[in-house]
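Fold and geometry: a report
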Amino acid sequence: MVLLSGLLPNPKLESSVLSISLNTCWMVYMIPLGLSGATSVRVSNELGVGRPQAARLAACTAVFLVATEGIVAAIILISVRKLWGYCYSTEEEVVGYVAEMLVLIAGSHFLDGIQSVLSGLSKFIIHKIPIAMFQESELCFLVC
């Protein structure tokens, strides 16, 4: 993406904003990513022990937690959007574009966090639940 930003009208500005935006995205994404891994392990342990209701509770709790974290992170990102660019650059133009991008990053972070947790659960559902369902002889879905 950085190479393609060289084709834009102001490549220095665009690549600066792009690198700041990507750095910010990956920094705030680490929380849902960790929660996704922890949820996968917790749900698999609960199903392995034979407690599908506890697994469902863990999945619903993780979705609630990541949605709450997404809202809090979005509020923080939007509230510091005019200051965040100064952590990386002193140019007013870069700071202005970063402030515009942080609104989009806040919205996408909320959706990415939920997708991350559900993705971790879907990997588990595809591979592990059919065996656990047939062993327990009851149909259990991890849908909240």
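Each value, and the rule that gives it
Residues numbered from 1 in each chain as written. Predicted model: local features only at pLDDT ≥ 70, side-chain atom pairs only at ≥ 80, totals over all residues. Heavy atoms only, no water. Phe/Tyr/Trp six-rings, centres within 6.5 Å; stacked < 30°, edge-to-face > 60°. Helix = DSSP H or I, 4+ residues; strand = E, 2+ residues; numbered from the N terminus. UniProt positions renumbered as here; feature names shortened; annotations may be inferred. Patch = residues over 30% accessible without salt bridge, like charges linked within 9 Å, V, L, I, M, F, W, Y side chains within 5 Å. Areas by Shrake-Rupley, 256 points an atom, 1.4 Å probe, with all protein chains shown as cover. Salt bridge = Lys/Arg side-chain N within 4 Å of Asp/Glu carboxyl O.

**Digging into the packing of aromatic side chains**
One pass over the structure, following the stated rule, counts two aromatic pairs. Centre to centre, the rings of W26 and Y29 are 5.7 Å apart; their planes meet at 85 degrees, and the pair counts as edge-to-face. Here Y29 and W26 lie together in helix α2 (residues 11-49), a separation of three residues that amounts to about one turn.

**Focus on the UniProt feature "transmembrane region" (unreviewed entry) in the chain**
Those residues carrying the UniProt feature "transmembrane region" (unreviewed entry) are residues 20-43 and 55-78 in this numbering. Strand forms 0% of residues 20-43 and helix 100%; the C-alpha atoms that close the span are 35 Å apart. Here residues 55-78 is 100% helix and 0% strand, with 34 Å between the C-alpha atoms at its ends.

**Thoughts on a nonpolar patch on the surface**
A grouping of L22, W26, M30 and L33 is seen on the molecular surface, where their side chains present a nonpolar patch of about 390 Å² in accessible area. Mapped onto the elements, L22 comes out in helix α2.

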